[in-house]
Every structure is written in C-alpha cells, then in structure tokens.
Amino acid sequence: MSLDDLYRRVIMDHYQKPRNHGSLGEDALSVELNNPTCGDRITLQMRVENDIIEDAKFIGDGCSISLASASMMTEAVKGMRVEEALHLSELFSQMMQGEDIDVDEFPLEDIEALQGVCKFPARIKCATLAWKALERARQTNR
Ligand code: FES
C-alpha cells in the first residue's frame with residue numbers, strides 16, 4: 001500500500017468513525033465556527049480544569065477532511081495543557097502552509113495523514129477549521 005493510500009485510509013477511518021463526536025452539555029466551553037468557503041460548520045466543546053483540557057468533543061457538518069481533522073484534533077488535545085494544545089495548533093498550521101515540520105511532535109501520528117492537504121489550497125480551510133475553533137476557544141476563555 002502506498003503512503004497516500006494509507007493516509008487516505010486513516011482520514012476515512014476518522015471520518016466514518018469520528019472520535020469525540022457529540023456534546024459536552026450546555027455548560028461546557030463552546031465555540032462554533034464555519035468555513036467561509038463552503039459554509040460548513042463545526043461546534044467544538046471543551047472542559048478545561050486548571051489549564052488542562054479534560055475533555056473535548058465536536059459536532060458539525062463538513063467534508064471528510066474537516067471532520068477527520070476535528071476527530072484527530074480532539075483526540076490529540078485531550079489531557080494536554082492549553083498552551084501545549086495551542087503549540088500543536090501552530091505546528092498544524094505550519095504543516096498546512098507546506099513548511100517542513102517535525103511530525104514526530106504530534107502526539108497522535110494519525111495527524112500526519114493530513115499533511116498532503118497543503119497541496120490543495122481549497123481544502124486547507126477544511127483541515128484547519130477545528131484547529132481554528134480551538135484557538136478561538138482559548139480567546140473566549142481568557
Ligand atoms: Fe466544507 Fe470541507 S468542504 S469543510
């Protein structure tokens with residue numbers, strides 16, 4: 001199997017069996033964002049205690065890339081300090097800009113499967129939607 005096929009499989013697995021899909025209830029920190037190019041929406045919810053992301057879930061409509069990315073992001077940041085999660089978000093953004101990053105820094109190696117998205121500018125907003133919601137949640141929670 002080629003690396004592209006493997007990556008495609010990983011993305012489809014997260015799309016078809018999204019991790020952390022659902023709601024954390026009305027009292028959780030909640031951010032809704034849309035992808036301006038297509039209108040798809042995601043709502044990210046988190047519970048943050050003592051600067052640790054205790055839980056993260058999402059709901060929303062979107063393409064396979066956006067939902068797979070949300071699944072991976074929520075899986076990766078659970079249990080992390082907020083600053084670590086934001087560092088991860090910065091790293092992901094650099095990967096989407098085609099920069100040569102150290103993918104070993106991702107705590108969840110599935111995230112590497114999205115690196116090919118940087119070759120398709122129209123899909124970068126899909127892949128970064130959930131991560132932008134994470135950054136927005138930080139701003140909301142200051
Ligand atoms: Fe809408 Fe990807 S096409 S999020």
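Residues numbered from 1 in each chain as written. Predicted model: local features only at pLDDT ≥ 70, side-chain atom pairs only at ≥ 80, totals over all residues. Heavy atoms only, no water.

Caption draft 1: View of the pattern of salt bridges. Overall, the coordinates contain six salt bridges when judged by the stated rule. A salt bridge links Arg 41 to Glu 32, with the nearest nitrogen and oxygen atoms 2.8 Å apart. With relative accessibility at 42%, the residue Arg 41 sits in the partly exposed group. The salt bridge involving Arg 138 is made with Glu 83; its shortest N-O contact spans 2.9 Å. Taken as a pair, Arg 138 in helix 4 (residues 121–140) and Glu 83 in helix 3 (residues 82–96) lie far apart in primary sequence, 55 residues in all. Judged by relative accessible area, which is 16%, Arg 138 ranks as buried. Looking at Glu 83, the relative accessible area reads 44%, which means it is partly exposed. (Salt bridge = Lys/Arg side-chain N within 4 Å of Asp/Glu carboxyl O. Buried < 20%, exposed > 50% of the residue type's maximum accessible area, 1.4 Å probe, protein only. Helix = DSSP H or I, 4+ residues; strand = E, 2+ residues; numbered from the N terminus.)

Caption draft 2: Highlighting the nonpolar core. Counting 45 residues, the largest nonpolar core has Val 77, Phe 92, Met 95, Phe 106, Ile 111, Leu 114 and Leu 134 as the members making the most contacts within it. Elements supplying a minimum of two residues to this core: helix 1 (3–16), strand 1 (29–34), strand 2 (41–49), strand 3 (52–60), helix 2 (64–77), helix 3 and helix 4. Non-local contacts of Phe 106, meaning those with residues more than four positions away in its chain, are made with Leu 88, Leu 91, Phe 92, Met 95, Ile 101 and Ile 111. (Core = buried A, V, L, I, M, F, W, Y, C linked by side-chain atoms within 4.5 Å. Contact = heavy atoms within 4.5 Å.)

Caption draft 3: Structural detail: the packing of helix 1 against helix 2. Close contact between helix 1 and helix 2 brings their axes to 8 Å; oriented N to C, the two are set at 80°. As judged from the angle between their axes, helix 1 and helix 2 are roughly perpendicular. Contacts between helix 1 and helix 2 involve Val 10, Ile 11, Met 12, His 14 and Tyr 15 on the former and, on the latter, Ser 64, Ile 65, Leu 67, Ala 68, Ser 71 and Met 72. Of the residues that constitute the contact of helix 1 with helix 2, the class distribution is eight nonpolar, three polar and no charged. (Axes fitted to C-alpha atoms, helices over the stretch in contact; angles between N-to-C directions. Parallel < 35°, antiparallel > 145°, perpendicular 65-115°, else oblique. Nonpolar A, V, L, I, M, F, W, Y, C, P; charged D, E, K, R; others polar.)

Caption draft 4: Looking closely at a nonpolar patch on the surface. Among the surface-exposed residues, Met 1, Leu 3 and Leu 6 lie close enough to one another that they form a single nonpolar patch of about 330 Å² accessible area. By the secondary structure assignment, Leu 3 is in helix 1. (Patch = residues over 30% accessible without salt bridge, like charges linked within 9 Å, V, L, I, M, F, W, Y side chains within 5 Å. Areas by Shrake-Rupley, 256 points an atom, 1.4 Å probe, with all protein chains shown as cover.)

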